[in-house]
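# A structural walkthrough
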Amino acid sequence: MISVSDITVCFAEKTVLDGFSLAVPEQGITALSGPSGCGKTTLLRVVAGLQKPQAGTASLPGPVSLLFQEDRLLPWRTVGQHITDVLPKARRGEVGRWLELVELAGEQARYPAQLSGGMGRRLALARCLACGGALLLLDEPFAGVDAQRAGRILARIRALGTPVLLTSHQEAVLSRCDRVLALEGPPLRQKNR
């Protein structure tokens, strides 16, 4: 079980998480859906260990891999190099596998400036997936990616067998997840349906 218990995070006078708790199974794809600014990204950062809460704890199955909302691509590295940069030497032969998964096969020699916004997003996603981990945290993984392609990629991610916690505003993505938690805030809370 992936769980956060009584998490509180404040930035100056703003309380983003206030005793927030959540438990999700260690399987399948769980989506967090809610308006921008409600606290979803802060929650992912707490789960990833990048944001220390003022109170509360997070219990995880093991190391996590986090896809940030921003692509964070290095302009001087090629598409292929973005993947080899995160792979151990013994796994460098996997570059093609990860690029195929996100439908970027054949783009290894291109640089980020030569990619469309959606292609850059898919490269960032491929890099995150190549890192591995016991849990995938994906913050708006399909921003700028068309619905059909997002659906195909999400099916391939599901086939990896790693639990996924993602945020999305896209109905086409949410409809393909195993669970969708409707949220509102701040402070972040589950929405009463």
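What comes next concerns the included structure. (Residues numbered from 1 in each chain as written. Predicted model: local features only at pLDDT ≥ 70, side-chain atom pairs only at ≥ 80, totals over all residues. Heavy atoms only, no water.)

## With respect to helix H4 (residues 117-131)
Helix length check: H4, at 15 residues, gives a terminal C-alpha distance of 22 Å against a target of 21 Å (1.5 Å per residue), a fit within 8%. Of all 15 residues that make up H4, 13 are buried, and the element is covered over most of its length. Just beyond H4, the residue with positive phi is Gly132, at close to 75 degrees. (Helix = DSSP H or I, 4+ residues; strand = E, 2+ residues; numbered from the N terminus. Expected span 1.5 Å × (residues − 1). Buried < 20%, exposed > 50% of the residue type's maximum accessible area, 1.4 Å probe, protein only.)

## Examining the environment of Glu107
On the secondary structure map, Glu107 appears in the loop between helix H3 (95-101) and H4. On the basis of relative accessible area, Glu107 is assigned to the buried category, the value being 18%. For the pair Glu107 and Asp139, spaced 32 residues apart in the sequence, the C-alpha separation amounts to 24 Å. Not counting residues within four places of it along the chain, the set of residues in contact with Glu107 comprises Val79 and Met119. (Contact = heavy atoms within 4.5 Å.)

## As for the sheet that holds strand S1 (residues 2-11)
Judged by pairing direction, the sheet is antiparallel, and its three strands sit side by side in the order S2-S1-S4 without closing on themselves. The open sheet has two edge strands, strand S2 (14-24) and strand S4 (55-59), and neither has a second partner. Across the sheet, the axes of successive neighbouring strands diverge by a mean angle of 20 degrees, strand direction being ignored. Bridge analysis of S1 against S4 gives four bridges, and the strand direction is antiparallel. If you follow Ser5 over to S4, its bridge partner there is Thr57. (Pairing = 2+ DSSP bridges. Axes fitted to C-alpha atoms, helices over the stretch in contact; angles between N-to-C directions.)

## Quick look at the pattern of salt bridges
Under the definition given, this model contains twelve salt bridges. With a shortest N-O distance of 2.7 Å, Glu103 and Arg152 are connected by a salt bridge. Highlighted residues: Glu103 in the loop between H3 and H4 and Arg152 in helix H5 (residues 147-159), separated in sequence by 49 residues. On the accessibility criterion, Arg152 (38% relative accessible area) is partly exposed. Through salt bridges with shared partners, a single network forms among Glu103, Asp146, Arg149, Arg152 and Arg156. (Salt bridge = Lys/Arg side-chain N within 4 Å of Asp/Glu carboxyl O.)

## A word on the nonpolar core
The biggest cluster of nonpolar side chains holds 34 residues, and the ones touching the most others in it are Ile83, Leu125, Leu138, Phe142, Ile157 and Leu166. Residue assignment for this core shows that the elements contributing at least two residues are strand S3 (29-33), helix H2 (79-84), H3, H4, strand S6 (135-139), H5, strand S7 (164-167) and helix H6 (171-174). Take this core: its biggest share by element is eight residues, from H4. (Core = buried A, V, L, I, M, F, W, Y, C linked by side-chain atoms within 4.5 Å.)

## Looking at unusual backbone geometry
That bond from Gly185 to Pro186 is cis: its omega, 0 degrees, falls within 30 degrees of zero. Looking at the element boundaries, Pro186 is found in the loop between strand S8 (179-184) and strand S9 (189-190). For the bond from Pro186 to Pro187, the omega torsion is -10 degrees, close enough to zero to count as cis. With a phi close to 55 degrees, Ala12 is a non-glycine residue in the positive phi region. You can see Ala12 is positioned in the loop between S1 and S2. Its relative accessible area of 77% is what places Ala12 among the exposed residues.

## Some details on the side chain of Thr167
As for its position among the elements, Thr167 is in strand S7. Under the relative-accessibility criterion, Thr167 is labelled buried at 0%. Polar contacts involving the side chain of Thr167 include one to the side chain of Asp139, which spans 2.6 Å. Of the polar contacts made by the side chain of Thr167, one reaches the backbone nitrogen of Glu140; its length is 3.0 Å. When sequence neighbours within four positions are dropped, the list of residues in contact with Thr167 reads Leu32, Lys40, Leu44, Leu138, Asp139, Glu140 and Pro141. (Polar contact = N/O pair within 3.5 Å; in protein donor to acceptor, adjacent residues only side chain to side chain.)

## Regarding the environment of Gly185
The residue Gly185 is located in the loop between S8 and S9 in this model. Counting along the chain gives 146 residues from Gly185 to Gly39, while the straight-line C-alpha distance between them is 6.8 Å.

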